[in-house]
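Structural characterization, general
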Amino acid sequence: MFRQLRWKFAQFMQGRYGGDALSLALCKLAIGLWLVSLFARWPIFMILYWLCVFFSLFRSFSKNYAARRRELAAYEKLMAKPKLFFRQKRRKWQDRKTHKHFRCKCGTVLRVPKGKGKIKLHCRNCGAEMIKKS
Ligand SMILES: [Zn+2]
């Protein structure tokens, strides 16, 4: 009985888009909204929660691959900068005892070992040089 149900579900999902990073993000967002709605009794959180749930389910069951891929690409493009930002922050925190980070005027972050005295930094991106204390 259970196996039959599983097989039926597998058949149902055949040719459908399934989950991706955007669906996962929507699920996480939905959980977050649900938690907020437990404390803040504003209907807007519940509405947003259901929107996330339905959109995520709709995407998973969709057969329109092209549209779903476009959405995923748009989402990844949107998230690229914040992701980079948090990855740099995390790295900076992780090796705060061994390395120092300097930002070049072109925006590139230069990572150098600590405790080497005054050193000349060379930016790989724009070629600028600067003297910093590490
Ligand atoms: Zn630079």
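The coordinates are above.
Calculation criteria
By convention here, each chain's residues receive numbers from 1 onward along its written sequence. Local features in a predicted model are, by the rule used here, given only for residues with pLDDT of at least 70; side-chain atom pairs are given and counted only at 80 or more, and totals for whole chains, interfaces and linings are based on all residues. To qualify as a helix, a DSSP run of H or I must reach at least 4 residues; to qualify as a strand, a run of E must reach at least 2; elements of each kind are numbered from the N terminus. Only C-alpha atoms enter the radius of gyration, while the globule expectation follows 2.2 Å times N to the 0.38, with N the number of residues. Contacts here follow a simple rule: the backbone-placed C-beta atoms of the two residues must lie within 7 Å. Neighbour density around each residue's C-beta defines its exposure: 20 or more other C-beta atoms within 10 Å make it buried, 12 or fewer make it exposed, and counts between make it partly exposed, where C-beta atoms are placed from the backbone. When DSSP finds two or more bridges between a pair of strands, those strands are recorded as paired. Expected span of a helix, by definition, is 1.5 Å for each gap between consecutive residues, and there is one gap fewer than residues. Bend is computed residue by residue as the angle between axes fitted to the seven residues ending at the residue and the seven residues starting at it. Note on geometry: axes are lines fitted to C-alpha atoms, helical ones only across the stretch in contact, with angles between N-to-C directions running from 0 to 180 degrees. Comment on the angle field: the value is read as roughly parallel under 35 degrees, roughly antiparallel over 145, roughly perpendicular from 65 to 115, and oblique elsewhere. The crossing is said to be left-handed when, going from far helix to near helix, the turn is anticlockwise and less than a right angle, and right-handed when the turn is clockwise. When residue character is reported, Ala, Val, Leu, Ile, Met, Phe, Trp, Tyr, Cys and Pro are called nonpolar, Asp, Glu, Lys and Arg charged, and the others, Gly included, polar.

**Considering the overall build of the chain**
- In terms of helices and strands, the chain carries four helices and four strands.
- In summary, the chain has a C-alpha radius of gyration of 23 Å against a globular reference of 14 Å for 134 residues, an excess of more than 25%.
- The C-alpha extent of the chain, read off along each of the three principal axes, is 70 × 40 × 30 Å.
- Considering only contacts in the chain between residues 6 or more positions apart, those separated by 24 or more positions represent 33%.

**Focus on the pairing of strand β4 (residues 129–133)**
- Counting buried positions along β4 yields zero of five residues, so the element is predominantly exposed.
- Across five bridges, the pairing between strand β3 (residues 118–122) and β4 is antiparallel. Within β4, the residue paired with K120 across the bridge is I131.
- Count of turn residues in the β3/β4 antiparallel hairpin: six residues, of which G127 carries a positive phi of about 85°.

**Remarks on helix α1 (residues 2–13)**
- With twelve residues, α1 extends 17 Å between its outermost C-alpha atoms, agreeing within 8% with the 16 Å of an ideal straight helix rising 1.5 Å per residue.
- Little of α1 sits inside the fold, with zero of its twelve residues counted as buried.
- The positive-phi residue at the C-terminal boundary of α1 is G15, with phi of around 80°.

**What to know about the pairing of strand β1 (residues 99–103)**
- Where β1 and strand β2 (residues 109–113) come together, five bridges link them in antiparallel fashion. Residue pairing for β2: H99 is matched across the bridge by P113.

**Quick look at the environment of C106**
- Within the element layout of this structure, C106 appears in the loop between β1 and β2.
- Note on C106: 10 C-beta atoms within 10 Å, which makes it exposed.
- Put simply, C106 and C126 are 20 residues apart on the chain and 6.8 Å apart in space, counted from C-alpha to C-alpha.
- Beyond its immediate stretch of four places on either side in the chain, C106 contacts C123, N125, C126 and A128.

**Some details on helix α4 (residues 65–94)**
- The sharpest bend along α4 reaches about 40° and sits at A80, with the proline P82 one to four residues further on.
- Burial analysis of α4 places just one of its 30 residues in the buried class, a small minority of the element.

**Topic: the packing of helix α2 (residues 21–39) against helix α3 (residues 43–61)**
- Close contact between α2 and α3 brings their axes to 8 Å; oriented N to C, the two are set at 160°. Here α3 runs roughly antiparallel to α2, going by the angle between their axes. In the packing of α2 onto α3, the handedness of the crossing is left-handed. Contacts between α2 and α3 involve L22, S23, L26, C27, L29, A30, L33, W34, V36 and S37 from the first element and F45, M46, L48, Y49, C52, V53, F55, S56, R59 and S60 from the second.
- In terms of residue class, the contact of α2 with α3 is built from 15 nonpolar, four polar and one charged.

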